[in-house]
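Residue-level listing of the chains:
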Amino acid sequence: MRYSGTHPRRFVERYKELDPEAFPEMQAHVRRQGRTPAGSHVPVLLEEVLEHLAPAPGDVVVDCTLGHGGHAARLLERIGPEGRLIGLDIDRVQMQRTAQRLAAPNVAVRRSHFAGVAKVLAAEGLDGADVVLADLGVSSMQLDDPARGFSYKHDGPLDMRMDDRLPRTAADVLAALAGEELAAHLRELADEPHAERIARAIVRRREQTPITTTRQLTQIIVEATGQRAGATAAGRDAGALHPAARTFQALRILVNDEMGGLEQFLRVVPYCLRPGGRVGIISFHSGEHRRVDDALRRARAAGVYAAVADAPVRPGGVEVGGNPRARSAQLRWARRGRD
């Protein structure tokens, strides 16, 4: 593939990263640079998941957010051929690719939201699972592909749907929300300090022209917050987020009703565990952290769980250095009693 300059910049130009089977050395090269190879996803807190959820030979394991299959592959190794792995995902394209890589007699991949885990287990004829894992948020494959519209870093259609069966894109949601409602969502779902200013700028712009691309939205936010257009992290305070990061997060959560799905999952998952079964949930931002922590502690107080994590498990410096996207990850776990 031909591209300008010495290194590929666009997603489609990174053909070596997108084909790890043909170019395995490229994956290692990119990881050494502290980046995630395009079109792939590095599983976060992998060793910690294995330690706290303790999958054993013969266990039934449900990976509720299959994605690239990084967690699932290691879980499958632990449960062996006598165990059973069920993978759930709503992203049709990624689910099909991962199903091909994990294909085995004891693996079943189903297109389902993780909130539907109870229905999937019933359809599989199972009375419950020994291990359930949910890795929340968006995957690197979705973020990196401009056609999906998840990232302010790439220009593309303002879509953001994890499930292409959803009727409304991010552009549709952005066009329908009243300014006050939009500002409230930015505060609640992303802790955006400039929520009102950004909401007013979006309303003014959409009165002139529809906002349909990620570049349009990013420019509106950059101008509204006073951040110089085109500035990089080096032009802001060290470690500061891009000015559009929180708005994109909040909009993605709205499009996919992530909080509603998470709350439903937290209600049903205790009753999907066999006696002694373990659940692990990896969350990435304050709204998720708070909901998961509250739900696990309430269930522990009610006697539903026999034990829950005393504190969230966070990635160490080595992991964050090799995978910066793991920085905000937190793992919380719980275990049902044996009676």
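Remember, it's a predicted structure, so these values are computed and weren't measured experimentally.

J.: Could you give an account of the packing of helix H13 (residues 258–268) against helix H14 (residues 286–301), with specific residues and numbers?
T.: Across the interface, H13 lies against H14 with an axial gap of 10 Å and an inter-helix angle of 15°. Taken as axis vectors, H13 and H14 run roughly parallel relative to one another. In the packing of H13 onto H14, the handedness of the crossing is right-handed. Together, Glu 258, Met 259, Leu 262, Glu 263 and Leu 266 of H13 and Gly 287, Glu 288, Arg 291, Val 292 and Ala 295 of H14 make up the contact between the two elements. When grouped by side-chain class, the residues that make up the contact of H13 with H14 number five nonpolar, one polar and four charged.

J.: Provide a residue-level description of the confidence of the model for the protein chain, including the pertinent values.
T.: Mean pLDDT over the protein chain: 89, with 84% of residues reaching 70 or higher. Note that residues 229–236 has pLDDT below 50 and, in this model, six contacts with residues that lie over four places away or in other chains.

J.: Which residues make up the packing of aromatic side chains, and what are the values?
T.: Throughout the structure, instances matching the rule amount to two aromatic pairs. On the numbers, 5.2 Å between centres and 90° between planes, the contact of Phe 114 with Phe 265 is edge-to-face. Within this pair, whereas Phe 114 is found in the loop between strand S3 (107–111) and helix H6 (117–123), its partner Phe 265 is found in helix H13, the two being separated by 151 residues in sequence. In this structure Phe 114 comes out as buried when scored by relative accessible area, which is 12%. For Phe 265, a relative accessible area of 0% translates into the label buried. With 5.9 Å between their ring centres and 80° between their planes, Tyr 152 and Phe 248 make a pair best called edge-to-face. Of this pair, Tyr 152 sits in the loop between helix H7 (140–144) and helix H8 (170–176) while Phe 248 sits in helix H12 (residues 245–255), and the two are 96 residues apart along the sequence.

J.: Tell me what's going on with the side chain of Thr 214, and back it up with residues and numbers.
T.: Structurally, Thr 214 is set in helix H11 (residues 214–225). Among all residues touching Thr 214, those that are not within four sequence positions of it are Gly 149, Ser 151, His 154, Asp 155, Gly 156, Pro 157, Leu 158 and Phe 248.

J.: Requested: an account of the nonpolar core, with residues and values cited.
T.: Core analysis: the largest hydrophobic core is formed by 33 residues, its most contacted members being Leu 158, Leu 174, Ile 202 and Leu 217. Looking at this core, the elements that each hand over two or more residues are H8, helix H9 (179–190), helix H10 (195–208), H11 and H12. Those residues in contact with Leu 217 that sit more than four places away from it in its chain are Leu 158, Leu 174, Ile 202, Ile 211, Phe 248 and Leu 251.

J.: Explain the pairing of strand S1 (residues 60–63) residue by residue, including any values.
T.: Side chains Val 60 and Val 62 project from S1 onto one buried face, and the interleaved Val 61 and Asp 63 project onto a second face that is buried too. By the bridge criterion, four bridges tie S1 to strand S2 (residues 84–89) in an arrangement that is parallel. The partner of Val 60 across the bridge, within S2, is Arg 84. With helix H4 (residues 70–79) bridging S1 and its parallel neighbour S2, the resulting β-α-β unit is right-handed. Sheet topology places S1 next to strand S4 (residues 129–135); three bridges connect them, and they run parallel. Bridge pairing links Val 62 to Val 132 in S4.

J.: How would you sum up H14? Please name residues and give values.
T.: Counted at 1.5 Å a residue, the expected span for H14 with its 16 residues is 22 Å, and the 22 Å between its end C-alpha atoms agrees. If you check which residues of H14 are buried, you get Gly 287, Glu 288, His 289, Arg 291, Val 292, Ala 295, Leu 296 and Ala 299. Among the structural elements, H9, H13, strand S5 (273–283), strand S6 (305–308) and strand S7 (330–336) are those in contact with the buried residues of H14. Positive backbone phi, approximately 85°, marks Gly 303, located one or two places after H14.

Conventions adopted
Residues numbered from 1 in each chain as written. Predicted model: local features only at pLDDT ≥ 70, side-chain atom pairs only at ≥ 80, totals over all residues. Heavy atoms only, no water. Axes fitted to C-alpha atoms, helices over the stretch in contact; angles between N-to-C directions. Helix = DSSP H or I, 4+ residues; strand = E, 2+ residues; numbered from the N terminus. Parallel < 35°, antiparallel > 145°, perpendicular 65-115°, else oblique. Left-handed = near helix turned anticlockwise from the far one by under 90°. Contact = heavy atoms within 4.5 Å. Nonpolar A, V, L, I, M, F, W, Y, C, P; charged D, E, K, R; others polar. pLDDT = per-residue confidence, 0-100. Phe/Tyr/Trp six-rings, centres within 6.5 Å; stacked < 30°, edge-to-face > 60°. Buried < 20%, exposed > 50% of the residue type's maximum accessible area, 1.4 Å probe, protein only. Core = buried A, V, L, I, M, F, W, Y, C linked by side-chain atoms within 4.5 Å. Pairing = 2+ DSSP bridges. Right-handed = clockwise from strand over helix to strand, strands pointing away. Expected span 1.5 Å × (residues − 1).

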